[in-house]
Amino acid sequence: MDYPIPNHLKPYLVPDPREDNCEFQVTGAIRCTCGCERFSVSESNEAMIARLTCIDCGHEVLLFDADKHGWNGFACHSEALDRTQPMWKAVCDECKGETFRVKVWLASQGREDFVSECVSHDPAFREEDWVDAFEWIQASLECTQCGIEIDNWLDCETM
């Protein structure tokens with residue numbers, strides 16, 4: 001089964017087997033290539049750029065950049081973000097913790113839609129690129145210190 005996991009997240013997004021994952025949606029946890037699931041989280045442009053830094057190994061994961069990812073970023077090549085804005089570190093409102101587990105949900109119109117709208121009209125696109133043109137991304141954070149969840153910390157329709 002093909003899930004709409006964009007190429008930049010394939011090494012990190014682990015689909016949750018308890019969820020109804022399919023070609024049109026996937027829910028899972030972010031896990032560093034070292035196996036750690038604890039990250040410091042930073043964002044700019046109201047979470048339209050979101051980065052994770054692994055607590056164990058320091059590896060950085062670009063979770064989302066609206067100018068590069070999703071339908072508008074990947075298929076339309078949008079360039080709307082202010083790159084001069086600083087990155088802000090996420091902090092738990094409850095305990096002031098700075099380490100989180102990250103759960104991601106992605107929605108897609110699916111392979112067939114991408115092929116008919118992009119591949120058939122532009123030779124720069126390939127059928128397998130459909131995973132990069134997702135239509136929605138949400139990310140929720142769970143503080144590793146106190147367990148408080150921040151639902152939909154990132155919530156972006158990319159079309």
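Everything discussed here concerns the structure shown above.
One structure accompanies this document, and this report is about it. (Residues numbered from 1 in each chain as written. Predicted model: local features only at pLDDT ≥ 70, side-chain atom pairs only at ≥ 80, totals over all residues. Heavy atoms only, no water.)

Let's talk about the nonpolar core
Okay, so step 1: The biggest cluster of nonpolar side chains holds 35 residues, and the ones touching the most others in it are Ile 30, Leu 63, Val 102, Val 104 and Leu 154.
Okay, so step 2: Elements with a minimum of two residues in this core: β2 (25-30), β3 (39-44), β4 (49-54), β5 (60-65), β7 (100-107), β8 (136-143) and β9 (149-157).
Okay, so step 3: Look past the residues within four positions of Ile 30 in its chain and what remains in contact with it is Tyr 12, Leu 13, Glu 37, Phe 39, Leu 52, Leu 63, Val 102 and Val 104.
Okay, so step 4: Core analysis: the next-biggest nonpolar cluster, separate from the first, contains 8 residues, Ala 75, Phe 125, Trp 130 and Ala 133 among them. (Core = buried A, V, L, I, M, F, W, Y, C linked by side-chain atoms within 4.5 Å. Buried < 20%, exposed > 50% of the residue type's maximum accessible area, 1.4 Å probe, protein only. Helix = DSSP H or I, 4+ residues; strand = E, 2+ residues; numbered from the N terminus. Contact = heavy atoms within 4.5 Å.)

So, the environment of Ala 29
Okay, so step 1: Position of Ala 29 among the secondary structure elements: in strand β2.
Okay, so step 2: For the pair Ala 29 and Asp 16, spaced 13 residues apart in the sequence, the C-alpha separation amounts to 7.0 Å.
Okay, so step 3: Sequence-distant contacts of Ala 29, defined by excluding residues within four places in its chain, comprise Tyr 12, Leu 13, Val 14, Val 102 and Lys 103.

A few points about the pairing of β7
Okay, so step 1: Bridge analysis of β2 against β7 gives 5 bridges, and the strand direction is antiparallel. Considered in β7, the bridge of Gly 28 is made with Val 104.
Okay, so step 2: Relative to β8, β7 runs antiparallel, the two being bridged by 8 bridges. When the bridges of β8 are listed, Trp 105 appears paired with Gln 138. (Pairing = 2+ DSSP bridges.)

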